[in-house]
Amino acid sequence: IDSTGEVKDFIIEKQDGIWSTIGMEADARRRHLWVVSSQAKEVLPLLDPDSLQWRSAIYQYNIETGTLIDSCLLPLKNAFLNDLTVAPNGDVYVTESMQGGIYYLKAGSDSLELFLTPAPYTFPNGIYFSDQPGQLFVSTSEGVLKIDISKSRYDLLKTVDSVNAKDIDGLTYDHGSIIGHQSTKVVRFVLNDKQDSIVHSMILDTGPDFDSSTTGEIENDQYYFIVNSQIRSGIDFKKQAIKPLDSLEKIIIRKIQL
């Protein structure tokens, strides 16, 4: 989507063998787009009805041309890669939600490796780097983890009683706070100076247009996000099929001045 609002396909449906696309992030420094693609019957309908396997991979594209640079399949049964983020050195970290792992793809490598499994915390989802070197935030069902990459150490962010930081989808860091989606609202969670506690939260946007948790991204102090992904309303779970396009609402993408 360009600055005038014109919409074009970056890639077309099923191009390069891609399945449902989940999290993605642009690596502006290297002009690459990293995309998570997953196919899992219990989470999203199978695009290939003859396949019974869950499959998850990440794709790397040239952001200027839309051409595929590489793809990497996670060789793990019943896996669901969900979201990813890119480190300054080009390493990619990606959450796997069903078995609860965090994987990484070292810059220049062609295989995903398990970085850590942050037990007892479940369903790792949103993932993003702090402005503190080597510190990573990951949302889980129980709250937000802060991970020290060099030590593979993780701790759950403490919260004051008035703050609920559970079940966040999509995660972005912004000037001492993290922004996440919880069901039908976008929330800013303000961190303390040590970034080990959430001391305050505020709703940035909510309303009847929202239909489920999604994700967003910051650019030039603007937060751009999907309001109505229709990930649930767009699926007939009994038939394991995506509903006809004319049964869906128009997708809304909104921006907020931060």
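Since the model is a prediction, treat every value here as computed from it, not as a measurement.

S.K.: For this particular structure, what's the right way to read the sheet that holds strand 13 (residues 158-159)?
M.R.: Within a sheet, each strand pairs with its neighbour through backbone hydrogen bonds, oriented either parallel or antiparallel. Judged by pairing direction, the sheet is mixed, and its five strands sit side by side in the order 13-17-16-15-14 without closing on themselves. Where the open sheet ends on each side, the last strands, each with one partner, are strand 13 and strand 14 (169-174). Bridge count for strand 16 (residues 185-191) against strand 17 (residues 197-206) is seven bridges, and the pairing is antiparallel. In the strand pairing of strand 17, V190 is matched with H200.

S.K.: How should I be thinking about the pairing of strand 1 (residues 20-27) in this particular structure?
M.R.: On any regular strand, side chains alternate: one points to one face of the sheet, the next to the other face. Both strand 1 and strand 2 (residues 32-39) contribute to a ladder of six bridges, which runs antiparallel. Paired with S20 across the bridge in strand 2 is S38. Once strand 1 ends, the chain turns through four residues before running back antiparallel as strand 2, passing R31 with a positive phi of about 60°.

S.K.: How should I be thinking about the confidence of the model for the chain in this particular structure?
M.R.: In regions of low pLDDT, the predicted coordinates are not meant to be interpreted in detail. The pLDDT averaged across the chain works out to 91; a share of 94% of its residues lies at or above 70. Summarising per-element confidence for the chain, the mean pLDDT is lowest in strand 21 (residues 241-242) (74) and highest in strand 11 (residues 143-148) (98).

S.K.: So what exactly am I meant to see when it comes to the packing of aromatic side chains here?
M.R.: Two measures describe an aromatic ring pair: the distance that separates the ring centres and the angle between the ring planes. Applying the stated rule across the entire model yields ten aromatic pairs. Taking the centre distance of 6.1 Å and the plane angle of 20° together, the rings of F210 and F225 count as stacked. Taken together, the positions of F210 in the loop between strand 17 and strand 18 (216-219) and F225 in strand 19 (residues 222-226) put the pair 15 residues apart, joining distant regions of the chain. Seen from their ring centres, Y223 and F225 are 5.5 Å apart, and the 20° between their planes marks the pair as stacked. F225 matches Y223 in its accessibility class, with the two residues each being buried. One aromatic cluster is present, formed by Y93, Y104, F115 and F129 through successive ring pairs.

S.K.: Is there a simple way to explain the sheet that holds strand 3 (residues 55-62) in this structure?
M.R.: In spatial order, the strands read 1-2-3-4; together these four strands make up an open sheet with antiparallel pairing. Because the sheet does not close on itself, it has two edges, and the strands there are strand 1 and strand 4 (68-73). Ignoring which end each strand starts from, the neighbouring axes of this sheet average 20° apart.

S.K.: Quick question: what am I supposed to make of the pattern of salt bridges here?
M.R.: It is possible for side chains bearing opposite charge to pair when their charged atoms get close. The tally for this structure, following the rule as stated, stands at eight salt bridges. Note that D196 is salt-bridged to K158, the shortest N-O span being 4.0 Å. Residue D196 is located in the loop between strand 16 and strand 17, and its partner K158 is located in strand 13; the two are separated by 38 residues in the primary sequence. Assessed through its relative accessible area of 27%, D196 is described here as partly exposed. With a closest N to O distance of 3.1 Å, D209 and R254 form a salt bridge. With a gap of 45 residues between them, D209 in the loop between strand 17 and strand 18 and R254 in strand 22 (residues 253-257) connect regions that are remote in the sequence.

S.K.: How do you make sense of the pairing of strand 10 (residues 135-140) when you look at a structure like this?
M.R.: The buried fraction of strand 10 is high, at six of six residues. By the alternation rule, side chains of strand 10 split into Q135, F137 and S139 and L136, V138 and T140, which are all buried. Where strand 9 (residues 127-129) and strand 10 come together, three bridges link them in antiparallel fashion. The residue bridging F129 from the neighbouring strand is L136, located in strand 10. In sequence, strand 9 turns back onto strand 10 through a hairpin of five residues, with G134 there showing a positive phi of about 75°. What sits between strand 10 and strand 11 in their antiparallel hairpin is a turn of two residues.

S.K.: Would you mind going over the side chain of S38 with me for this structure?
M.R.: Note on placement: S38 falls in strand 2. Side chain to side chain, S38 and S56 meet in a polar contact 2.6 Å long.

S.K.: Honestly, the environment of I198 in this entry has me stumped. Any pointers?
M.R.: Counting through the fold element by element, I198 comes out in strand 17. By relative accessible area, I198 is classed as buried at 1%. Separated by ten residues in the primary sequence, I198 and R188 have C-alpha atoms spaced 10.0 Å apart. When residues no more than four places from it in sequence are discounted, the contact partners of I198 are L157, K158, T159, V160, V163, A165, F189, V190 and L191.

Criteria and cut-off values
- Starting from 1, residues in each chain are numbered consecutively following that chain's sequence as written.
- Per-residue local features of the predicted model are confined to residues with pLDDT of at least 70, and side-chain atom pairs are confined, for both listing and counting, to 80 or more; whole-chain, interface and lining totals are unaffected and use all residues.
- To get the side-chain values, all heavy atoms of the structure are used, and hydrogens and water are removed first.
- Two strands are counted as paired when DSSP detects at least two bridges linking them.
- Numbering of helices and strands runs from the N terminus, with a helix taken as a DSSP run of H or I at least four residues long and a strand as a DSSP run of E at least two residues long.
- Values of pLDDT, ranging from 0 to 100, describe the predictor's confidence in every residue of the model.
- Aromatic pairs are defined between Phe, Tyr and Trp rings, using the six-membered ring for Trp, whenever the two ring centres lie within 6.5 Å; interplanar angles under 30 degrees are classed as stacked, those over 60 as edge-to-face, and all others as tilted.
- Exposure classes here rest on a 1.4 Å probe applied to the protein chains alone. A residue is buried below 20% of its type maximum, exposed above 50%, and partly exposed in between.
- All axes are obtained by fitting lines to C-alpha atoms, using only the stretch in contact for helices, and the reported angles, taken between N-to-C directions, cover 0 to 180 degrees.
- Salt bridge, as applied in this entry: a Lys or Arg side-chain nitrogen positioned within 4 Å of an Asp or Glu carboxyl oxygen.
- Any pair of nitrogen or oxygen atoms within 3.5 Å is treated as a polar contact; in protein, a donor-acceptor pairing is required on top of that, and neighbouring residues in sequence qualify only through side-chain atoms on both sides.
- Residue contacts are counted whenever heavy atoms from the two residues lie within 4.5 Å of one another.

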